[in-house]
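Survey of secondary and tertiary structure
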Amino acid sequence: MQMMKMKIQSHRARATLLLINPFKGTFFFLPSHNFPNFSFLIPPTFLAPFHSNSPFNRHSWRFHCPRSVFDKITKLDDALQLFDQMTQTQPLPSVVKFNQLLTAVAKMKHYSCSIHLFKQMTPIGAPIDVWTTNIVIKCCCQLSCTTEGFAIVAHGFKCGVDPDVCTFNTLLNGFILEDRVHEAERLFKKLIK
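Bear in mind the structure is a predicted one, so any value in this text is a computation, not a measurement.

Here we take up the packing of aromatic side chains. Each aromatic ring pair is characterised by the separation of its centres together with the angle its planes make. Under the counting rule described, the total for this entry stands at 2 aromatic pairs. An angle of 75° between the planes, with centres 6.2 Å apart, marks the rings of Phe83 and Phe98 as edge-to-face. Pair noted here: Phe83 is in helix α3 (residues 76-88) and Phe98 is in helix α4 (residues 95-107), with a separation of 15 residues, a long-range link. According to the relative accessible area criterion, Phe83 is buried, its value standing at 4%. The buried category is assigned to Phe98, whose relative accessible area is 1%. Geometrically, the ring pair formed by Phe150 and Phe175 is tilted, given 5.7 Å between the ring centres and 35° between the ring planes.

Next up, the structure:
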């Protein structure tokens, strides 16, 4: 039996089931009268983000702060105020929101402030992931503190975050920016072993 993907499309009151066979590249439509009782196949959490009374409502700040809020940050004071608001909410926002804020601060070239915010995140139990560590490591490298970037990698290990290719690439770029080509070469040779 071949695996098939199902995609439910609705247009006004009518629904259509689109079946896609990924192995043969074929697809076909089934009109709604062919599957009148298919609603039991859809878990309730799948449609929850689209329901207006759902706690997962996409317009709710608590669960989904619009990306535009982070894009509109142009002043460091606004970013710091938003960070304070985020750290005082319970439960804490997702790691994605913290990453977006750190990225916004780094894009304003306030690298040391981004590192400082990261150091404030740890004691309050804010979630971190590999993207968080990569953002902070890049900030360290931009400040010519690549060795501090290795301390961030070690902190990530303590928190259960394993480095990825981007992490090591950022560290290599940091060594190059600091004109420490020999150390970059040694790190590269260790990575390919």
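Next comes the rest of the description.
Here we take up empty space enclosed by the protein. Following the criterion strictly, the structure yields 1 cavity of 30 Å³ or more and no others. Put simply, the largest cavity is a space of about 30 Å³. Surrounding the largest cavity, Thr133, Ile137, Val153, Gly156, Phe157, Val161, Asp162, Pro163 and Thr167 form its lining. Within the residue set of the lining of the largest cavity, elements represented by two or more residues are α6 (130-142) and α7 (146-158). Sorting elements by how many residues they give to the lining of the largest cavity places α7 first, with 3 residues. For the lining of the largest cavity, the residue count by class is 5 nonpolar, 3 polar and 1 charged.

Formed by 35 residues in total, the largest nonpolar core has its most connected members in Ile73, Leu101, Met121 and Val136. Counting residues per element, the ones that place at least two in this core are α3, α4, α5 (111-124), α6, α7, α8 (165-177) and α9 (181-192). With 7 residues, the single largest contributor to this core is α6. Met121 has contacts with Phe83, Phe98, Leu102, Ala126, Pro127, Ile128 and Thr132, leaving out every residue within four places of it along the chain.

Rules used throughout
Residues numbered from 1 in each chain as written. Predicted model: local features only at pLDDT ≥ 70, side-chain atom pairs only at ≥ 80, totals over all residues. Heavy atoms only, no water. Phe/Tyr/Trp six-rings, centres within 6.5 Å; stacked < 30°, edge-to-face > 60°. Helix = DSSP H or I, 4+ residues; strand = E, 2+ residues; numbered from the N terminus. Buried < 20%, exposed > 50% of the residue type's maximum accessible area, 1.4 Å probe, protein only. 1 Å grid on protein atoms, 1.4 Å probe; cavity = no way out; pocket = protein on both sides within 12 Å on 5 of 7 lines; lining within 4 Å. Points joined across faces, edges and corners; volume = space filled by probe spheres on them. Nonpolar A, V, L, I, M, F, W, Y, C, P; charged D, E, K, R; others polar. Core = buried A, V, L, I, M, F, W, Y, C linked by side-chain atoms within 4.5 Å. Contact = heavy atoms within 4.5 Å.

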